[in-house]
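# Inside the fold
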Amino acid sequence: MHRLYNFSSIEAAARGCNWLSLVLLGIVLPVVEFGFYSLALAVMFIASSIAIGGQDRVLLRYVLNPLAKHSDEERVESQIIAGAAFLLNFLIVVIVCAATAFYLSPEFVAPVLVEHRYALLIWLAFNAQLGLLVALARATEDTTFYAIVRLGYTLTKLIGLVIIGYISQSVEAVIWVDTLVITLFSLFGLFYARHHIKPVVSRQPLTKALGFGAPFILNMLAGAALGHVDKLMLAQFVTTEEVSKYSFLIGITSGVFFIFAIVNVKYETMVYRERDKAKGERHLRDLLLLCVGGAFLALLFVNLALPYLLPLVGKPEFAAPALLLVLSFAYLIYPLTLQANIRFAWQEKTQWVPAIMIAASLLNIVLNYVLISRMGLMGAATATLVSYSFLAIVSNSISRRVAR
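Residues numbered from 1 in each chain as written. Predicted model: local features only at pLDDT ≥ 70, side-chain atom pairs only at ≥ 80, totals over all residues. Heavy atoms only, no water.

A separate point is the nonpolar core. Leu59 and Tyr246 are the most contacted members of the largest nonpolar core, which has 115 residues in total. The greatest single-element share of this core, amounting to 15 residues, is contributed by helix H6 (residues 117–139). Not counting residues within four places of it along the chain, the set of residues in contact with tyrosine 246 comprises Asp230, Lys231, Leu234, Leu323, Leu327, Leu377, Ala380, Ala381 and Thr384. (Core = buried A, V, L, I, M, F, W, Y, C linked by side-chain atoms within 4.5 Å. Buried < 20%, exposed > 50% of the residue type's maximum accessible area, 1.4 Å probe, protein only. Helix = DSSP H or I, 4+ residues; strand = E, 2+ residues; numbered from the N terminus. Contact = heavy atoms within 4.5 Å.)

And the structure:
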């Protein structure tokens, strides 16, 4: 039981809950309402990637495990740097919320999102804070804390949102419940972690935290944009019903990330502990084969069964075999990127990861801009496929070179 109760298994379960909540909301909510929810998620994920401000990386790098042997001076320094990270996060959140409030106007987004912008801004602020609490739990190696703020939140969200969505049939109720859940877990997490944080009394820790964390903002933004900017760009050219269909299908196909997470639980640590390069590469090959094989079987089932299952759950309008096939290929090749990222970390060459991610994100934005106006949903799916292919090919090529 102890072997199952670890950070990797908790993370895998949390991702599974997130995936289920998105898919089930797509089923229980009316088509237009789910489209609005998908757009709200896209705005919030992109904004919160900036709002975290790279301070999660600061916590993972500088905060110490309180149970390990450290001097009193080191412990105090760890608590102060944690305080600096949370203070900087608060300041960045204020700026990002102000910018997001400007974006949440009728000129840019649907009126329903404008009407509930205050809930979305609260959600944004506490989502960034919860991200720091998750990082703090990992830094302090507190699995109970991690289970609460990561799995506890996603499981509660899954149950609450699906029930409220089914009963209310309204995106407004779903947004407010999501906001309430994340607020409660963030406040509880702050209370739980209070002994890890000390107030900042000088400029030095703030400068240190800002200097270390700032370079990660662009990488986080690139990753969020790669996964969500297509929905926002689609909303400018197609109906909300079409956005809803695209979001549901991309949610279904992205379920293979749960398979990747499970395989990753076993093989990532095996690779990191391996000093023999040949054996390490064999582990990476096994990881790739299991991820691709598992994803192929899952996506094959989805492509064959979904057209028959959708009418049974009252969503026949989501059927789009060609679109589903293109998105399936995009996620089928992602394990190459996963393999490359583990190889980069194993060889301590992680500086390549943000550079490649930023390039892939920029390519994705350009392709979406060019293709969506001409091809609609298929244009967005094609942009995703090409961007993920670029990410996989470039990451794998460079990682193999640096591992020689």
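There's plenty left to go through after this.
The next subject is the packing of aromatic side chains. Counted according to the given criterion, the structure contains 14 aromatic pairs. Residues phenylalanine 145 and tyrosine 192 carry aromatic rings whose centres are separated by 4.7 Å and whose planes lie at 25° to one another, so their mutual orientation is stacked. Of the two residues, phenylalanine 145 sits in helix H7 (residues 143–168) while tyrosine 192 sits in helix H8 (residues 171–192), which places them 47 residues apart along the sequence. Every member of this aromatic cluster is reached through a ring pair, and the members are Phe257, Phe260, Tyr331, Tyr334 and Tyr388. Seen from the ring of phenylalanine 191, arginine 194 lies directly overhead, with NZ or CZ sitting 4.1 Å from the centre. Positioned over the ring face of tyrosine 62 is lysine 208, at 4.3 Å from the centre of the ring. (Phe/Tyr/Trp six-rings, centres within 6.5 Å; stacked < 30°, edge-to-face > 60°. Lys NZ or Arg CZ within 6 Å of the ring centre and 35° of its normal.)

Another aspect to go through is empty space enclosed by the protein. Summed over the entire model, instances satisfying the criterion amount to three cavities of 30 Å³ or more. Taken as a whole, the largest cavity holds about 70 Å³ of empty space. Among the secondary structure elements, those contributing two or more residues to the lining of the largest cavity are helix H2 (31–51), H6 and H8. Sort the elements by how many residues they give to the lining of the largest cavity and H2 lands first, with four residues. The space that makes up the second largest cavity amounts to roughly 50 Å³. (1 Å grid on protein atoms, 1.4 Å probe; cavity = no way out; pocket = protein on both sides within 12 Å on 5 of 7 lines; lining within 4 Å. Points joined across faces, edges and corners; volume = space filled by probe spheres on them.)

A separate point is the side chain of threonine 100. Along the polypeptide, threonine 100 turns up in helix H4 (residues 72–103). Looking at threonine 100, the relative accessible area reads 6%, which means it is buried. Ignoring anything within four residues of it in the chain, the contact list for threonine 100 reads Val43, Met44, Ala47, Leu121 and Leu124.

It is worth spelling out the side chain of serine 78 at this point. Within the fold, serine 78 resides in helix H4. Residue serine 78 is classed as buried on the basis of its relative accessible area of 6%. Apart from residues no more than four positions distant in its own chain, serine 78 is found in contact with Tyr62, Val63, Leu64 and His196.

Considering only enclosed or pocket space, the second largest pocket measures out at about 350 Å³ in volume. Along the walls of the second largest pocket sit 20 residues, with Trp19, Val23, Ile252, Phe301 and Val302 positioned nearest its centre. Counting residues per element, the ones that place at least two in the lining of the second largest pocket are helix H1 (7–28), helix H10 (240–253), helix H11 (256–273) and helix H12 (277–312). Tallying contributions element by element places H12 first for the lining of the second largest pocket, with eight residues.

Tracing the backbone through its elements, the reader meets methionine 220 in helix H9 (residues 203–234). Taking the C-alpha atoms as reference, methionine 220 lies 5.4 Å from serine 49; in sequence the two are 171 residues apart. Not counting residues up to four positions away in its chain, the partners in contact with methionine 220 are Ser49 and Asp56.

Quick look at the pattern of salt bridges now. Considering all chains together, one arrives at seven salt bridges under this definition. Note that glutamate 11 is salt-bridged to arginine 150, the shortest N-O span being 2.8 Å. Of this pair, glutamate 11 sits in helix H1 while arginine 150 sits in helix H7, and the two are 139 residues apart along the sequence. Using a relative accessible area of 15% as the deciding quantity, one classes glutamate 11 as buried. (Salt bridge = Lys/Arg side-chain N within 4 Å of Asp/Glu carboxyl O.)

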